[in-house]
Amino acid sequence: MDRNNLLSPLVPSWTSAAMLLSFFVYLGIAGSVLPGKLVPGVILSDGTRLQYRCNGLLSLLLLVLLLGFGAGINLVPPTAIADKGIEILSVTFIFSFLATLALYVVGFKCKGCSSSMKPHVTGNIISDWWFGVQLNPQFMGIDLKFFFVRAGMMGWLLINLSILAKCIQHGNLNQSMVLYQIFSGLYILDYFFYEEFMTSTWDIIAERLGFMLVFGDLVWIPFTFSIQGWWLLRNKVEQTTPAVIANCLVFLIGYLVFRGSNKQKHHFKKNPKAPIWGRPPKVVGGKLLASGYWGIARHCNYLGDLLLALSFSLPCGISSAVPYFYPIYLLILLIWRERRDDARCAEKYKEVWKEYCEIVPWRILPYVY
């Protein structure tokens, strides 16, 4: 194969750059002007509290309608993203690198900012570059953490829909592709329906914004999470009825655990006396919830997320390990994150955390880990 033909898709075109820029501009405008619930974030280290406009679901639905209208009048081909997937991946990676560089420079130059914005210098330049310098950087009134993760989740759905359109165009739509599209689509819509829960997650309240989060949100989420769709576009998989039923059960159990545990944690933070599963919550040291899912494992939400990731891959069968890259990667990431969270909580809560760990000994999967 000619080397130029092999490398040419890696070189971004002006069209792919314009597509990405238009997407970001739309998100910036829609996120600022569309109606949505104003949700107060957690109290930061300087006592301030950011406000988040949770209108992601409306922004997403409007965007899909606009793209559908554009496809109907032949203005935007429905397969545009799938046709230029590698180009868009390349230009997104370049943007992520430049955005991280800008955040790094601005972070060290930031003066007179709140403590949530000041540089957190650790003496390790590589660590600062990777994890970021600022905790909650803003641009034109937009919280960049919230913006980037929203862009990643919406991008994932847009890629999936474009893959679906290309699959229909080629006449090879099958049961496996339908299952993947339904499971991942429901997961993404659920994320935006409960978008306010994102304001109290580790990424928003504790992780500094650097290359890890920027690359993870803009590149890793949309392009890696959609790997099953890309694989099914080129590989036909026939599933038995028992396999389909098992796949649906994995998704359902994963969703119930993931959403249920996140709901319990969010409601507990709002009202520590709210009942859990019809009973008063068990609280350790007046701070740590040890009831419901959080009395089963210290990170039951991670277990639910892993089961959901597995349900996205199961429609691809077991003939290749490629579609299982996402759940394997997520397993490694969440174990690493759980360890970091455990160290942070041990330092923050001290003896209370030790007591909590004695009551809830399992980290993610009861009786296993």
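Residues numbered from 1 in each chain as written. Predicted model: local features only at pLDDT ≥ 70, side-chain atom pairs only at ≥ 80, totals over all residues. Heavy atoms only, no water.

## Some remarks on the packing of aromatic side chains
- According to the stated counting rule, one finds 27 aromatic pairs in the structure shown.
- Measuring from ring centre to ring centre gives 5.7 Å for Phe-93 and Phe-215, while their planes differ by 85°; the resulting arrangement is edge-to-face. On the criterion of sequence distance, the pair formed by Phe-93 in helix 5 (residues 85-109) and Phe-215 in helix 10 (residues 211-224) is long-range, its members being 122 residues apart.
- Given a relative accessible area of 40%, Phe-93 falls into the partly exposed group.
- One aromatic cluster in this structure is built from Phe-93, Phe-211, Phe-215, Trp-220, Phe-325 and Tyr-329.
- The positively charged end of Arg-340 is found above the aromatic ring belonging to Trp-336, 4.7 Å away from the centroid. (Phe/Tyr/Trp six-rings, centres within 6.5 Å; stacked < 30°, edge-to-face > 60°. Helix = DSSP H or I, 4+ residues; strand = E, 2+ residues; numbered from the N terminus. Buried < 20%, exposed > 50% of the residue type's maximum accessible area, 1.4 Å probe, protein only. Lys NZ or Arg CZ within 6 Å of the ring centre and 35° of its normal.)

## Thoughts on the nonpolar core
- If you look at the biggest cluster of nonpolar residues, it comprises 72 residues, and the most contacted ones within it are Phe-23, Met-153, Trp-156 and Phe-312.
- The element that contributes the greatest number of residues to this core is helix 7 (residues 144-170), accounting for 14 residues.
- Shared between two domains, this core takes at least three residues from each, and those domains are domain 1 (1-238) and domain 2 (239-368).
- Leaving out residues up to four positions away in the same chain, Phe-23 has contacts with Leu-63, Ala-151, Met-154, Gly-155 and Leu-158.
- Counting residues in hydrophobic clusters, the runner-up holds 18 residues, among them Trp-294, Tyr-349, Tyr-356 and Val-360. (Core = buried A, V, L, I, M, F, W, Y, C linked by side-chain atoms within 4.5 Å. Domains from an automatic or database assignment. Contact = heavy atoms within 4.5 Å.)

## Quick look at a nonpolar patch on the surface
- A cluster of nonpolar side chains, namely Phe-93, Ile-94, Phe-97, Leu-98, Leu-101 and Val-105, defines an oily patch on the protein surface of about 500 Å² accessible area.
- Of note, Ile-94 is situated in helix 5. (Patch = residues over 30% accessible without salt bridge, like charges linked within 9 Å, V, L, I, M, F, W, Y side chains within 5 Å. Areas by Shrake-Rupley, 256 points an atom, 1.4 Å probe, with all protein chains shown as cover. Salt bridge = Lys/Arg side-chain N within 4 Å of Asp/Glu carboxyl O.)

## Topic: the layout of surface pockets
- Space inside the second largest pocket adds up to approximately 760 Å³.
- Around the second largest pocket, the lining comprises 34 residues; the ones closest to its centre are Met-19, Phe-23, Leu-67, Ile-81 and Leu-158.
- Taken together, the elements giving at least two residues each to the lining of the second largest pocket come down to helix 2 (14-33), helix 3 (56-72), helix 4 (80-83), helix 5, helix 7 and helix 10. (1 Å grid on protein atoms, 1.4 Å probe; cavity = no way out; pocket = protein on both sides within 12 Å on 5 of 7 lines; lining within 4 Å. Points joined across faces, edges and corners; volume = space filled by probe spheres on them.)

## What to know about the side chain of Thr-79
- Structurally, Thr-79 is set in the loop between helix 3 and helix 4.
- With relative accessibility at 6%, the residue Thr-79 sits in the buried group.
- Apart from residues no more than four positions distant in its own chain, Thr-79 is found in contact with Ser-162, Ala-165, Lys-166 and Gln-169.

## A closer look at unusual backbone geometry
- Positioned with a positive phi, Asn-74 is a non-glycine residue whose angle comes to about 60°.
- Among the structural elements, Asn-74 can be located in the loop between helix 3 and helix 4.
- Even without a glycine there, the phi angle at Tyr-367 is positive, about 70°.
- Secondary-structure assignment places Tyr-367 in the segment after helix 15 (351-359).
- Classification of Tyr-367 by relative accessible area gives exposed; the value is 72%.

## Regarding the UniProt feature "transmembrane region" (unreviewed entry) in the protein
- Feature annotation in UniProt assigns "transmembrane region" (unreviewed entry) to the following positions: residues 20-44, 56-76, 88-108, 147-165, 177-197, 209-233, 239-258 and 308-336.
- Along residues 147-165 the backbone is 100% helical and 0% strand, and the end-to-end C-alpha distance reaches 27 Å.
- Spanning residues 239-258, this segment combines 90% helix with 0% strand, and its end C-alpha atoms are found 26 Å apart. (UniProt positions renumbered as here; feature names shortened; annotations may be inferred.)

## With respect to the environment of Gly-286
- Relative to the helices and strands, Gly-286 is located in the loop between strand 5 (283-284) and strand 6 (288-289).
- For Gly-286, a relative accessible area of 65% puts it in the exposed group.
- The spatial distance from the C-alpha of Gly-286 to the C-alpha of Pro-272 is 8.7 Å, given a sequence separation of 14 residues.

## Things to note about the packing of helix 10 against helix 14 (residues 325-349)
- The contact between helix 10 and helix 14 brings their axes to 12 Å, and the two run at 155°. The pairing of helix 10 with helix 14 is recorded here as roughly antiparallel in orientation. Helix 10 and helix 14 meet at a crossing whose hand is left-handed. In this structure, helix 10 uses Met-212, Trp-220 and Thr-224 to contact helix 14, whose residues at the interface are Phe-325, Tyr-326, Tyr-329, Trp-336 and Arg-340.
- Considering only residue class, the contact of helix 10 with helix 14 consists of 6 nonpolar, 1 polar and 1 charged. (Axes fitted to C-alpha atoms, helices over the stretch in contact; angles between N-to-C directions. Parallel < 35°, antiparallel > 145°, perpendicular 65-115°, else oblique. Left-handed = near helix turned anticlockwise from the far one by under 90°. Nonpolar A, V, L, I, M, F, W, Y, C, P; charged D, E, K, R; others polar.)

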